[in-house]
Amino acid sequence: DPWPGDTKGVAMSEVNKEAIRLEVVKFVRENLGKDLSSVSTATLFRESGLDSMPVLDIIFHLEELFGIKIDDLALTRDSTLDDVLGMVEAQVRAK
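Residues numbered from 1 in each chain as written. Predicted model: local features only at pLDDT ≥ 70, side-chain atom pairs only at ≥ 80, totals over all residues. Heavy atoms only, no water.

Colleague: Requested: an account of the environment of Ile 58, with residues and values cited.
Modeller: Inspection of the secondary structure puts Ile 58 in helix H2 (residues 52-66). For the pair formed by Ile 58 and Val 28, sequence separation is 30 residues and the distance between their alpha carbons is 7.4 Å. In this structure, Ile 58 is in contact with Val 24, Phe 27, Val 28 and Leu 50, ignoring residues within four places of it in sequence. (Helix = DSSP H or I, 4+ residues; strand = E, 2+ residues; numbered from the N terminus. Contact = heavy atoms within 4.5 Å.)

Right, dumping it as structure tokens:
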């Protein structure tokens, strides 16, 4: 199945952490004006310059794009990009 919000028709089975990371980097650059392309996935969100509102924007975007629901309460100030990527990947694979 194509990603619900994607017009390129990429199959859900092709979704992996790297594809999700690239989507987050693109979304943040286009909507929040920050470049995360060189930020390690182990970097804490608070260290990347993103506070709770931009992180929620990212979560909402990923939920809409992939047709999933992420437990945003599981995310903390000490969450990393890798934490979010893992949550999204697990939800997509569970579909």
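Colleague: So, helix H1 (residues 17-32): which residues are in play, and what are the values?
Modeller: Taking 1.5 Å of rise per residue, 16 residues should cover 22 Å, and H1 covers 21 Å from first to last C-alpha, within 8% of that figure. Listed as buried for H1 are Ile 20, Arg 21, Glu 23, Val 24, Val 25, Phe 27 and Val 28. Residues of H1 that are buried make contact with H2 and helix H3 (81-94). Here H1 starts with a cap whose side-chain oxygen sits 3.0 Å from the backbone nitrogen of Glu 18, and that cap is Asn 16. (Expected span 1.5 Å × (residues − 1). Buried < 20%, exposed > 50% of the residue type's maximum accessible area, 1.4 Å probe, protein only. Polar contact = N/O pair within 3.5 Å; in protein donor to acceptor, adjacent residues only side chain to side chain.)

Colleague: Describe the packing of H1 against H3, listing the residues and the values that go with them.
Modeller: It is at 9 Å that the axes of H1 and H3 come closest, and there the two elements cross at 120°. Taken together, the axes of H1 and H3 lie oblique to each other. Crossing angle aside, the handedness with which H1 passes H3 is right-handed. Side by side, H1 and H3 meet where Lys 17, Ile 20, Arg 21 and Val 24 of the first sit next to Leu 81, Asp 82, Leu 85, Gly 86, Val 88 and Glu 89 of the second. Split into classes, the residues belonging to the contact of H1 with H3 amount to five nonpolar, one polar and four charged. (Axes fitted to C-alpha atoms, helices over the stretch in contact; angles between N-to-C directions. Parallel < 35°, antiparallel > 145°, perpendicular 65-115°, else oblique. Left-handed = near helix turned anticlockwise from the far one by under 90°. Nonpolar A, V, L, I, M, F, W, Y, C, P; charged D, E, K, R; others polar.)

Colleague: Describe the nonpolar core, listing the residues and the values that go with them.
Modeller: One finds Ile 20, Val 24, Ile 58, Leu 62, Phe 66, Val 84 and Val 88 to be the most contacted residues of the largest nonpolar core, which totals 23 residues. For this core, the secondary structure elements donating two or more residues are H1, H2 and H3. Element by element, the count of residues in this core is highest for H2, at six residues. Aside from chain neighbours lying at most four places away, what touches Ile 20 is Val 15, Leu 62, Phe 66, Leu 85, Val 88 and Glu 89. (Core = buried A, V, L, I, M, F, W, Y, C linked by side-chain atoms within 4.5 Å.)

Colleague: Explain the side chain of Glu 89 residue by residue, including any values.
Modeller: You can see Glu 89 is positioned in helix H3. When its relative accessible area of 18% is taken as the criterion, Glu 89 is described as buried.

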